[in-house]
Amino acid sequence: MAEKTTSPFCLGKGFTADNFLKVWTHYDADGNGYIEQDELRQFFKELDEQSHGKQPPKQEEEPPQKGGKRATEEEFEAAYKEFIAHHDANADGKIEMKELAEILMPEENFLLLFRSQETLRSSVEFMEAWRKYDTDKSGYIESGELKNFLADVMLKSKQDISDSQLDEYTRVMLELFDRNGDGKLEIKEMARLLPVKENFLMQFQGIDLVEDPLGLAGEERKKVLTRCQFDEVFNHYDKDCSGTIEGDELTGFLKDLLEHEGKDVNADALELESKKLKEICDVNKDNKIQKEELVMLLAPKD
């Protein structure tokens, strides 16, 4: 729960990108990327007070209502539930950054950075974007590269923005999404800024996907893919229908696979697993994975 410090709200005074940053860091007290549970109740309480003006408590005790609750408590609970129902778009009981932006309505251009983010359809699309903006191939999106990404978002929205304002937005977004404070975004941090609709492999929960030549499963497989499920997996990642998985298709597949197996996803891990996969499965050494080569990793049941 957030500490009882001065409220960071300054509603009605031109809510800026910096104001948004202060609110987020104030209420996301555990730094998990959401405002939830006690954090969320405190957020709503202070937002309600700022929006309507804090009323001094009454000195006399009022008789308890039916059920032992005071009317003010019941009204608060009803308003809180209505607030969650209206603003928690994905109904997960938490407020994400994009949802917070819609609640606080910061300055128009900063708000557009959230509204213009279309959820990507697959991890292949994410890896395509990652490769586009990680121009120095360092395995990170650094400040200048993030600025280029945000500039493209604004261009897509057909909004004019000054270079100094873009610098400010870059600084704020970096502080918002850089969880480990190293001044750059790794893959899992960028994935919060540029989310994927779903990890395709997560539909196969309870299934041990790999035969384990990469050392991902760690124990004997109990349940495996059927051949029909294997075909679905291959066709999903073979975006260009070439009959092979390569490039961003391959790294998108490995990103999803690592997440499915509960492994950390970063550029080094993807490079390592890609190298191991090709050593084991790329029989003809064409730097691509054909369907029957992928069988060596996933080993579906006929």
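Calculation rules
Residues numbered from 1 in each chain as written. Predicted model: local features only at pLDDT ≥ 70, side-chain atom pairs only at ≥ 80, totals over all residues. Heavy atoms only, no water. Axes fitted to C-alpha atoms, helices over the stretch in contact; angles between N-to-C directions. Helix = DSSP H or I, 4+ residues; strand = E, 2+ residues; numbered from the N terminus. Left-handed = near helix turned anticlockwise from the far one by under 90°. Contact = heavy atoms within 4.5 Å. Nonpolar A, V, L, I, M, F, W, Y, C, P; charged D, E, K, R; others polar. Parallel < 35°, antiparallel > 145°, perpendicular 65-115°, else oblique. Core = buried A, V, L, I, M, F, W, Y, C linked by side-chain atoms within 4.5 Å. Buried < 20%, exposed > 50% of the residue type's maximum accessible area, 1.4 Å probe, protein only. pLDDT = per-residue confidence, 0-100. Polar contact = N/O pair within 3.5 Å; in protein donor to acceptor, adjacent residues only side chain to side chain. Salt bridge = Lys/Arg side-chain N within 4 Å of Asp/Glu carboxyl O. Patch = residues over 30% accessible without salt bridge, like charges linked within 9 Å, V, L, I, M, F, W, Y side chains within 5 Å. Areas by Shrake-Rupley, 256 points an atom, 1.4 Å probe, with all protein chains shown as cover. Phe/Tyr/Trp six-rings, centres within 6.5 Å; stacked < 30°, edge-to-face > 60°. Lys NZ or Arg CZ within 6 Å of the ring centre and 35° of its normal.

Notes on the packing of helix α6 (residues 123-133) against helix α11 (residues 248-260)
Phase 1: One can describe the packing of α6 onto α11 by two numbers: an axis separation of 8 Å at closest approach and a directional angle of 120°. Crossing geometry of α6 relative to α11 is assigned as right-handed. In this structure, α6 uses Ser123, Val124, Phe126, Met127, Glu128 and Arg131 to contact α11, whose residues at the interface are Asp248, Glu249, Thr251, Gly252, Lys255 and Asp256.
Phase 2: Here the residues of the contact of α6 with α11 sort into 3 nonpolar, 3 polar and 6 charged.

Concerning the packing of α11 against helix α12 (residues 267-281)
Phase 1: Here α11 crosses α12 at 105°, and the two axes come no closer than 10 Å. What the angle tells us is that α11 and α12 run roughly perpendicular. Across the interface between the two elements, Leu250, Thr251, Leu254, Lys255 and Leu258 of α11 pack against Ala269, Leu270, Glu273, Ser274, Leu277 and Lys278 of α12.
Phase 2: Looking at the contact of α11 with α12 residue by residue, the class counts come to 6 nonpolar, 2 polar and 3 charged.

Looking at the nonpolar core
Phase 1: Phe20, Phe43, Phe110, Met173, Leu176, Phe253 and Leu298 are the most contacted members of the largest nonpolar core, which has 76 residues in total.
Phase 2: Considering each element in turn, this core owes the most residues, 7 residues, to helix α8 (residues 163-177).
Phase 3: If we skip the residues at most four places from it in the chain, phenylalanine 110 touches Ala17, Phe20, Tyr169, Val172, Met173 and Leu176.

Concerning the confidence of the model for the protein chain
Caution applies to low-pLDDT regions: their predicted coordinates should not be interpreted in detail.
Phase 1: A residue-level look at the protein chain finds 84% of positions with pLDDT of 70 or above and a mean pLDDT of 84.
Phase 2: Across residues 1-5, confidence stays below pLDDT 50; counting only partners more than four residues off in sequence or on other chains, it has 10 contacts.
Phase 3: When the criterion is pLDDT under 50, residues 55-71 qualifies, and its contacts beyond four places in sequence or with other chains add up to 8 contacts.

Quick look at the side chain of asparagine 199
Phase 1: Looking at where asparagine 199 falls in the secondary structure, it is placed in the loop between α9 (187-193) and α10 (227-237).
Phase 2: Here asparagine 199 falls in the buried class, since its relative accessible area comes to 13%.
Phase 3: At a separation of 2.9 Å, a polar atom in the side chain of asparagine 199 contacts the side chain of glutamate 259.
Phase 4: If sequence neighbours within four positions are ignored, asparagine 199 has contacts with Tyr237, Asp256, Glu259 and His260.

Side note on the pattern of salt bridges
Phase 1: Scanning the entire structure with this criterion turns up 14 salt bridges.
Phase 2: Notably, a salt bridge pairs aspartate 152 with lysine 132, separated by 3.9 Å at the nearest N-O pair. Within this pair, whereas aspartate 152 is found in helix α7 (residues 143-156), its partner lysine 132 is found in helix α6, the two being separated by 20 residues in sequence.
Phase 3: A salt bridge links aspartate 163 to lysine 147, with the shortest nitrogen-to-oxygen separation between them at 2.8 Å. Of the two residues, aspartate 163 is situated in helix α8 and lysine 147 in helix α7; the sequence distance between them amounts to 16 residues.
Phase 4: Where salt bridges share partners, they join Arg227, Asp231, Lys291 and Glu292 into one cluster.

Regarding a nonpolar patch on the surface
Phase 1: Together, Ile280, Val283 and Met296 make up an exposed nonpolar region whose accessible area comes to about 250 Å².
Phase 2: Along the chain, methionine 296 turns up in helix α13 (residues 291-298).

Focus on the packing of aromatic side chains
Phase 1: As enumerated under the stated definition, the model contains 15 aromatic pairs in all.
Phase 2: For the pair phenylalanine 20 and phenylalanine 110, a centre-to-centre distance of 5.5 Å together with 65° between the ring planes defines the contact as edge-to-face. Of this pair, phenylalanine 20 sits in helix α1 (residues 17-27) while phenylalanine 110 sits in helix α5 (residues 108-115), placing them 90 residues apart in sequence.
Phase 3: Relative to phenylalanine 83, the ring of phenylalanine 43 has its centre 6.1 Å away and its plane inclined at 45°; by these criteria the two rings are tilted. In this pair, phenylalanine 43 is assigned in helix α2 (residues 37-52) and phenylalanine 83 in helix α3 (residues 71-87), connecting sequence segments 40 residues apart. In this pair, the class of phenylalanine 43 matches that of phenylalanine 83, namely buried.
Phase 4: Each residue in the set Tyr27, Phe43, Phe44, Phe76, Tyr80 and Phe83 is aromatic and connected to the rest through ring pairs, giving one cluster.
Phase 5: In this structure, arginine 41 packs its charged tip against the face of tyrosine 80, placed 4.7 Å from the ring centre.

Thoughts on unusual backbone geometry
One can expect most non-glycine residues to show negative phi and most peptide bonds to be in trans.
Phase 1: Phi at lysine 137 is positive, roughly 55°, even though this residue is not glycine.
Phase 2: Looking at the element boundaries, lysine 137 is found in the loop between α6 and α7.
Phase 3: Looking at lysine 137, the relative accessible area reads 57%, which means it is exposed.
Phase 4: Positive phi values are uncommon outside glycine, yet lysine 285 reaches one of about 55°.
Phase 5: Note on placement: lysine 285 falls in the loop between α12 and β4 (289-290).

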